[in-house]
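So you can see what is in the structure, the chains are spelled out below.
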Amino acid sequence: MKNCLVVDDSKVIRKVARHILESLDLTVSEAVDGQDALTQCEASAPDVVLLDWNMPVMSGMEFLQALSSAKMTARPKIIFCTTENGISHIKAAVEAGADEYVMKPFDRETLESKLAIVGVI
């Protein structure tokens, strides 16, 4: 079974994402910020990371930059999940290493299609 790390400072978003991802037969773990996510990825890399942009301690962009130099056996797919919808934000995310981009609020169909695009389901 593939696993997904949901990184968001909102408990509600993590809960909604967990519900959707588990219904898609993914194992789900959670992180409250980028630093927490980086620690978890270095310990055991997930198949995919659902990543919020704006978080305390370490933002999504800072996480992506740190991930590129992290010691990991395999790099997870990254799906940015945020309210930031400007073309400049999307371009910056992709240039920083994001594989896909989804807008909040999201639904099961949207998330499922993004996971299929990155080859996780």
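Position numbers for residues count from 1 along each chain, tracking the sequence in the order it is written. Local features in a predicted model are, by the rule used here, given only for residues with pLDDT of at least 70; side-chain atom pairs are given and counted only at 80 or more, and totals for whole chains, interfaces and linings are based on all residues. Hydrogens and water are ignored here; the side-chain numbers use all heavy atoms of the structure.

The name an unreviewed UniProt entry gives the protein chain is Response regulator, with Sphingobium cyanobacteriorum as the organism.

Chemist: Can you lay out the UniProt feature "modified residue: 4-aspartylphosphate" (unreviewed entry) in the protein chain for me, pointing to particular residues and giving the numbers?
Modeler: UniProt positions are given in the numbering used here, feature names are shortened, and annotations may be inferred rather than shown by experiment. In the numbering used here, UniProt assigns the "modified residue: 4-aspartylphosphate" (unreviewed entry) feature to D52. With respect to the secondary-structure elements, D52 resides in the loop between β3 (48–51) and α3 (60–68). Buried, partly exposed and exposed residues are distinguished by accessible area as a fraction of the type maximum, computed with a 1.4 Å probe on protein chains only: under 20%, between the cut-offs, and over 50%, respectively. Accessibility expressed as a relative area gives 5% for D52, which makes it buried. Leaving out residues up to four positions away in the same chain, D52 has contacts with V7, D8, D9, G60, F80, C81, T82 and K104. Numbering goes from the N terminus for both helices and strands, where a helix is a DSSP run of H or I of at least four residues and a strand is a run of E of at least two. Throughout, a contact is declared for two residues whenever any of their heavy atoms are within 4.5 Å.

Chemist: How would you summarise the packing of aromatic side chains if you had to cite specific residues and measurements?
Modeler: Stacked, tilted and edge-to-face pairs are distinguished by plane angle, under 30 degrees for stacked and over 60 for edge-to-face with tilted covering the rest, among Phe, Tyr and Trp rings (Trp via its six-membered ring) whose centres lie within 6.5 Å. Within this structure, the stated rule accounts for two aromatic pairs. Arranged with centres 6.2 Å apart and planes meeting at 45°, the rings of F80 and Y101 form a pair that is tilted. With F80 in strand β4 (residues 77–82) and Y101 in strand β5 (residues 100–103), the pair connects residues that are 21 residues apart, well separated along the chain. Classification of F80 as buried rests on a relative accessible area of 0%. Judged by its relative accessible area of 9%, Y101 is buried. One aromatic cluster is present, formed by W53, F80 and Y101 through successive ring pairs.

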